[in-house]
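Each chain, written out:
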Amino acid sequence: VALSIFAITRGALWLVSWMVANFFPGQSGATFGQALFGLACKWDCGWYLSIVNDGYSMVEPAVQPGATNYAFFPLFPMLVKALSGVLDVSPVTAGLLVSNAAFVAALAYIYRYATLLGGSERAATLAVTLICVVPGTFAFSVVYTESLFLLLLVAGMYHFRHGDFLLSSIAAALLSSVRANGIFFLVFPIASIIRTYGLAGLLQPWLNPRPFLPIVFAPLGLFLFWTYSFLTTGDAFAQATTVAAGWGWRWQSPVASISTHLAGDAQAQYWMVSGLAVFACSFFLLKQKLYEEFAFCFAVFLLIFGAQIPSSLLRYSIALFPIWIGLANVLDRRDAAAAW
């Protein structure tokens, strides 16, 4: 199911990219392959390629003072570099292979996660379809970290709910080496422990230590990157330093940030309204008593809604896969809505 939906939606996506490159006014025309690679490597892709090709560096581009590739976490470029060397292909090709293979695996996990929670097979299919067609879904198939983040997130949650706490811990540790907000994974096991054993169970981990493994492991990837940054730059928090200096990213009150973006230009309004729409859908999780999943999503929304740069809101939001499972379960009970 996951592979079929992936093939249909990605085929449509690449077809659209080719049509844009060939038929829109002002475009010079491109082959299908040129259009695919042109769409696949834009914006942050260049930063990841700089890590793959030359490693981390404090060199700042003249057009973006303060920006360095320390803003980007290491696991994705490490995988791209390894695959590029093994297959003897370009880093862009390797990046596409990593992203799309991770996305297919994540879709399979999402299908199984939906059924693990008690959803029907149709609801599971709807969840997979939704994440493949929502606006911004192209981010899962380009040289970005979204698909790897999604795979490790759903794997960590799935194995935790399945009682495989060691596998969940490994996924959680890797997750925080993909993006900084991967550290918020620990909200999920904390919420699960409180719900299962009460607050007393959370405060007495020695009584049942196994569910606490993912909480201990979740920050590991982030801590290792901090250590590497300190050893190479003298600043353990070089990632935070460079995103503040080069991109102007600073956290502020989500209420203030939302108000600012809604009062901004059309693009800022679009990204914020889109993010708020996904956030609104997260409340279906409460209705279905998926409190642990909601707690995790809510924690991530607090982070991303406090960002001063709105352009990443949608792609960070759509990677919160429990929301699509919750929405799919609602649609599954309404034949006309599900069919649409």
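Described below are features of the structure shown in this document. All figures in this text were calculated on a predicted structure; none of them were measured in a lab.

1. Digging into the packing of helix 3 (residues 44-54) against helix 4 (residues 75-87)
Working step 1: Interaxial distance between helix 3 and helix 4 falls to 9 Å at its minimum, and their mutual angle equals 55°. Relative to helix 4, helix 3 is oriented oblique. Viewed along their axes, helix 3 and helix 4 form a crossing whose handedness is right-handed. Of the residues in helix 4, those in contact with Tyr48, Ile51 and Val52 of helix 3 are Phe76, Pro77, Val80 and Lys81.
Working step 2: Each residue belonging to the contact of helix 3 with helix 4 can be placed in one class, and the counts come to six nonpolar, no polar and one charged.

2. Re a nonpolar patch on the surface
Working step 1: On the surface, a nonpolar cluster with roughly 350 Å² of combined accessible area is contributed by Leu166, Leu167, Ile170 and Leu174.
Working step 2: Tracing the chain through its elements places Leu167 in helix 8 (residues 165-175).

3. Some details on the pattern of salt bridges
Working step 1: This model, assessed by the stated rule, comprises seven salt bridges.
Working step 2: Residues Glu292 and Arg161 are paired through a salt bridge, measuring 3.2 Å at the closest nitrogen-oxygen approach. Residue Glu292 is located in helix 16 (residues 291-304), and its partner Arg161 is located in helix 7 (residues 146-161); the two are separated by 131 residues in the primary sequence.
Working step 3: Of the residues examined, Glu292 reaches a relative accessible area of 5% and is grouped as buried.
Working step 4: The network of salt bridges with shared partners includes Asp44, Glu146, Arg179 and Arg315.

4. Description of the packing of aromatic side chains
Working step 1: Counted under the stated rule, the structure contains 27 aromatic pairs.
Working step 2: Measuring from ring centre to ring centre gives 5.0 Å for Tyr56 and Tyr70, while their planes differ by 35°; the resulting arrangement is tilted. On the criterion of sequence distance, the pair formed by Tyr56 in the loop between helix 3 and helix 4 and Tyr70 in the loop between helix 3 and helix 4 is long-range, its members being 14 residues apart.
Working step 3: The exposure class assigned to Tyr56 is buried, which follows from its relative accessible area of 16%.
Working step 4: Look at Tyr70 and you get buried, because its relative accessible area is 3%.
Working step 5: When the ring of Phe72 is compared with that of Trp247, the centres are 5.7 Å apart and the planes differ by 80°; the resulting orientation is edge-to-face. Here Trp247 lies in helix 12 (residues 238-247) and Phe72 lies in the loop between helix 3 and helix 4, a separation of 175 residues in the sequence.

Rules used in this analysis
Residues numbered from 1 in each chain as written. Predicted model: local features only at pLDDT ≥ 70, side-chain atom pairs only at ≥ 80, totals over all residues. Heavy atoms only, no water. Axes fitted to C-alpha atoms, helices over the stretch in contact; angles between N-to-C directions. Helix = DSSP H or I, 4+ residues; strand = E, 2+ residues; numbered from the N terminus. Parallel < 35°, antiparallel > 145°, perpendicular 65-115°, else oblique. Left-handed = near helix turned anticlockwise from the far one by under 90°. Contact = heavy atoms within 4.5 Å. Nonpolar A, V, L, I, M, F, W, Y, C, P; charged D, E, K, R; others polar. Patch = residues over 30% accessible without salt bridge, like charges linked within 9 Å, V, L, I, M, F, W, Y side chains within 5 Å. Areas by Shrake-Rupley, 256 points an atom, 1.4 Å probe, with all protein chains shown as cover. Salt bridge = Lys/Arg side-chain N within 4 Å of Asp/Glu carboxyl O. Buried < 20%, exposed > 50% of the residue type's maximum accessible area, 1.4 Å probe, protein only. Phe/Tyr/Trp six-rings, centres within 6.5 Å; stacked < 30°, edge-to-face > 60°.

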